[in-house]
Amino acid sequence: MSEGGRDRQLGMGRRITRRDFLNGVSIGVGGAVLGSKAGLFGALEGSALNTEAKAVGASGAAASDYPPALTGMRGSYDATYKYAHALRDDAFWDLAPKPSETTESYDLVVVGGGISGLAAAYFYRQKAGKNARILLLDNHDDFGGHAKRNEFTAGNRLVLSYGGAQSIESPEQYSKIAKDLLTELGIDTSVFYKAYDQKLYSNLGTAVFFDRETFGQDRMVVGLNTTPWPEFLAQAPLSAAARRDIARLYTDKKDYLPGLTREQKRAKLAKISYADFLTKTCKLTPEALPFFQTYTHDLFGVGIEAVAALSCYEAGDDYGAIEYAGFDGMDLGEREKQEPYIFHFPDGNASIARLLVRSMIPAAIPGHDMYDVVTARADYSQLDRSSSAVRIRLNSTVVKVRHDGPAASAKQVHVLYMCDGKLQGVRAGHVVMACYNMMVPYLCPELPQKQQEALKYGVKVPLVYTHVAIRNWQAFEKLGVQHIVSPGSYHCYTSLDFPVSLGEYRFPSHPDEPAVLFMLRTPCKPGLPARDQYRWGHMELYQTPYATFERNIRDQLGRMLGPQGFDPARDMAAITVNRWSHGYAYEYSTLWDPDFDSEEQPCVIGRQPFGRITIANSDAAATAYTNAAIDQAWRAVGEISSQ
Ligand SMILES: Cc1cc2nc3c(=O)[nH]c(=O)nc-3n(C[C@H](O)[C@H](O)[C@H](O)COP(=O)(O)OP(=O)(O)OC[C@H]3O[C@@H](n4cnc5c(N)ncnc54)[C@H](O)[C@@H]3O)c2cc1C
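Rules of the game
- Residues numbered from 1 in each chain as written.
- Predicted model: local features only at pLDDT ≥ 70, side-chain atom pairs only at ≥ 80, totals over all residues.
- Heavy atoms only, no water.
- Core = buried A, V, L, I, M, F, W, Y, C linked by side-chain atoms within 4.5 Å.
- Buried < 20%, exposed > 50% of the residue type's maximum accessible area, 1.4 Å probe, protein only.
- Helix = DSSP H or I, 4+ residues; strand = E, 2+ residues; numbered from the N terminus.
- Contact = heavy atoms within 4.5 Å.
- Phe/Tyr/Trp six-rings, centres within 6.5 Å; stacked < 30°, edge-to-face > 60°.
- Lys NZ or Arg CZ within 6 Å of the ring centre and 35° of its normal.
- Disulfide = S-S within 2.5 Å.

Undergrad: For the nonpolar core, give the residues involved together with the corresponding values.
TA: Membership of the largest hydrophobic core comes to 132 residues, with the highest contact counts inside it found for Ile246, Leu269, Tyr274, Phe277, Phe291 and Phe292. Looking at this core element by element, the count peaks at 8 residues for helix α5 (residues 115-128). When neighbours within four sequence positions are excluded, phenylalanine 277 is seen to be in contact with Leu269, Ile272, Cys282, Ala309, Ala325, Gly326, Phe327 and Met330.

Structure (structure tokens):
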């Protein structure tokens, strides 16, 4: 079939007009709810669908300028990095417009409106009082950083999902500071034991989709980790040797490093990759490696050849769907006890961001508690009002942060940012940099050289969280699966969304209802050192047009679910590709990084205060979690002197 014919079959560019599908409002499939505002910021990407511009938002009103309801390419869409990349390439200042006169001044300016920036503003306000004047600047059209909200309207109902930060992971492990913040925002994590329907999917399991490009034929095999291994593998398009070895590794409880103490085993596993552990230590045939290759993608953003075997052991299972083979008889000691993975607002940690905003600018997010925040429609016009002590200015890329005079004695900091095509300035008593670590040296060239190098050390992990609104989830019900692991496909994992009902929001709990699918893609280049793989992934993401994502999503869902009656041309309502080229904070690896003394860690050297500038963000802890973002905000605000 020709490419054009295949595209038509997949539904590329198809209009949906059926009234039962999208509240009676026609919408370009897969795409694009981007109206004039998004167009102004250059967010439109390759797909022809992006020329469609009508959609409905949470309230059923036109949603063309409501950021959470925008679909198509989201996350770091093109306009967000235009100026930052020009700065990096030393191409910004030659072309920069003349700065407008600086008339505004604040007690605190925060660069970055993610959880860390919002928490920094919150903590500063606690310290300096409610009248403290604070401005947050962020380069996106929505606040929250990775903690973004995705909204879809399908079949007369609102379906919520998350753009990035998914869940409050292990809240018992949070520091007192982070726990207290959640409590002050009104979040009671015990509520999720009831709000998260832990029974809904209990009859659904995990399947592996073997794709023809990698495994020679398309084949869905259901029952991963529940069907006995020999039986499960008998259906897989793998060689007899691969089947035999995989089954052996999962069923033998063997110590593959006999004669070593537990400490010696752990030390050895910290220095070899999981792929090497499988083939060299456990003698798995290399033919079986493609089956395991992407097991590590979700947590580490690279494949099993680039992740230490010990890190895989410590991670336990992932997605609640896969289990690492080979460790059962190794006696490697207790794993850290994991709390259930249920602490999930329907829009993920975007609810934390929204509650932070509500606490400082109540008019922006109506309501009072963790229940009503779920369906509250944000009023973006309230974010940047001169009458408010705290202001959030979106679509604003900071390009320079410089003390007015020597850092040790300056009384103010001058902050320049691009907004609406203009170079604008504000003055601040203090600045918290809650943006990406590696960006800081470009913004603050006056920082000491050693600190700049340390800030550039970590390379953020690229990853894509795609969400697809579908007409119903009958195909999953028929297959009997919640998760599909697809090690060779464009997206390596697909699952039904977390079943959480909170406040007035009801999760689509019947297979006939519209739902949102989660799909994960982690671009990387197996064989390179991890940080080079991440750099390679950044490039891949920037060079991939939206149409390529859309075509691959449709093709993959059609091949995986078509046999159960799913038609990608008919059954998909919208696609949101949350592209995070600069995703997780870089975490140090026993495989790739030196064994840093704690004070010599690049993140510690990089986060030192400099005059009136302090540094937050989860990068400053080299830890990719919300609690780290909060803890670093607390530290950065604590370092602000009171002069
Ligand atoms: C896909 C994904 C899933 C995740 N899932 C989880 C999860 O389930 N649980 C969890 O705890 N953590 C998760 N995380 C980790 C997440 O990074 C942290 O939880 C937290 O949200 C990080 O907040 P932050 O404020 O430190 O950084 P960010 O969220 O990255 O915020 C920084 C902000 O600064 C902005 N910025 C950068 N440069 C500039 C500039 N020059 N001018 C203006 N603004 C700028 C950025 O665009 C961004 O908006 C996930 C991350 C990703 C990417």
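Undergrad: Describe in detail the packing of aromatic side chains, supporting the description with residues and values.
TA: Given two aromatic rings, their pairing is described by the distance between the two centres and the angle made by the two planes. What the rule picks out here adds up to 43 aromatic pairs. With a centroid separation of 6.4 Å and an interplanar angle of 80°, the aromatic rings of tyrosine 201 and phenylalanine 507 are classed as edge-to-face. With tyrosine 201 in the loop between α7 (192-195) and β8 (205-210) and phenylalanine 507 in the loop between β16 (493-496) and β17 (515-521), this pair connects stretches of sequence that are 306 residues apart. Grouping residues by exposure puts tyrosine 201 and phenylalanine 507 together as buried. Geometry around tryptophan 93 places lysine 400 over its ring, the cationic atom sitting 4.9 Å from the centre. For the cation-ring pair, arginine 521 lies above tyrosine 490, with the distance from its terminal atom to the ring centre recorded as 3.8 Å.

Undergrad: Describe in detail the state of the cysteines, supporting the description with residues and values.
TA: Taken as a whole and assessed by the stated rule, the structure comprises 0 disulfides. We note that cysteine 419 lacks a disulfide partner, and the nearest cysteine sulfur, in cysteine 435, lies 17 Å from it. The class of cysteine 419 is buried, set by a relative accessible area of 11%. The thiol of cysteine 603 is not disulfide-bonded; the next cysteine sulfur, from cysteine 435, is found 16 Å away. Judged by its relative accessible area of 3%, cysteine 603 is buried.

Undergrad: So what about the environment of valine 440? Which residues, and what values?
TA: Relative to the helices and strands, valine 440 resides in helix α17 (residues 440-443). The spacing of valine 440 and lysine 148 is 292 residues in sequence and 22 Å in space, taken between C-alpha atoms. Once residues lying within four places of it in the same chain are set aside, the contact partners of valine 440 are Met433, Cys435, Leu447, Leu455 and Ile615.

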